Amino acid sequence: MNDLSDFDILFKEYYIPLSSFAHSLIDDWEASRDIVSDAFEHVWKNFAKLEKSTVKSYLFLYVKNRSIDYLRHQDIRHNYAELFLKLEANYAEINFDEQDERILKIKKAIECLPPQTRHVLEECYLREKKYKEVAAEMGFSIGAVQKHIVKALRIIREKIAKEK
């Protein structure tokens, strides 16, 4: 396929059926039209590479896959909203004094860590650096950074467990 008129014919012939197909999967007309528009945009960008005989199947497969992606995203949004509502409901029950006490215990446990292990933990968790970055800065392998993290977390858990 390599002609603007071919694309125009393709668009006119399949836009409505593809929109209906997407709508049958996701039950949202606006999202269905967006998905179909994305499909045609993708086809337009790759128009020279596509075979005329397979473009219809390609479009329907593309729309099906994007519709499934849309539904997955909707599920994630729904699950997040439910989690947020649960957290919000539990917010009134939170005892901030207990949380402050727990934070102090964690800080004390961190102070007891060996210097290199503490530094690795602080770089990764407090400064949010990637293991690779910390490894490069300290001249360690990524595996060594992981071992320091595991060691630090084990020591912290043990110290907090002893205090209970």
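Cut-offs applied
- Residues numbered from 1 in each chain as written.
- Predicted model: local features only at pLDDT ≥ 70, side-chain atom pairs only at ≥ 80, totals over all residues.
- Heavy atoms only, no water.
- Core = buried A, V, L, I, M, F, W, Y, C linked by side-chain atoms within 4.5 Å.
- Buried < 20%, exposed > 50% of the residue type's maximum accessible area, 1.4 Å probe, protein only.
- Helix = DSSP H or I, 4+ residues; strand = E, 2+ residues; numbered from the N terminus.
- Contact = heavy atoms within 4.5 Å.

Caption draft 1: Broad picture of the nonpolar core. Among the nonpolar cores identified, the biggest contains 18 residues, and Leu10, Leu18, Val36, Phe40, Val43, Leu59 and Val63 are the most heavily contacted of them. Those elements that place two or more of their residues in this core are α1 (4–26), α2 (29–45) and α3 (55–91). The residues touching leucine 18, leaving out its near neighbours within four places in the chain, are Val36, Phe40, Leu59, Phe60 and Val63. Core analysis: the next-biggest nonpolar cluster, separate from the first, contains 14 residues, Cys124, Ala135, Ile149 and Ile160 among them.

Caption draft 2: Molecular detail of unusual backbone geometry. Positive phi outside glycine occurs at aspartate 27, with the angle close to 55°. Checked against the element boundaries, aspartate 27 lands in the loop between α1 and α2. For aspartate 27, a relative accessible area of 62% gives the class exposed. Not every positive phi belongs to a glycine, and glutamate 128 is a case in point at roughly 55°. Assessed through its relative accessible area of 68%, glutamate 128 is described here as exposed.

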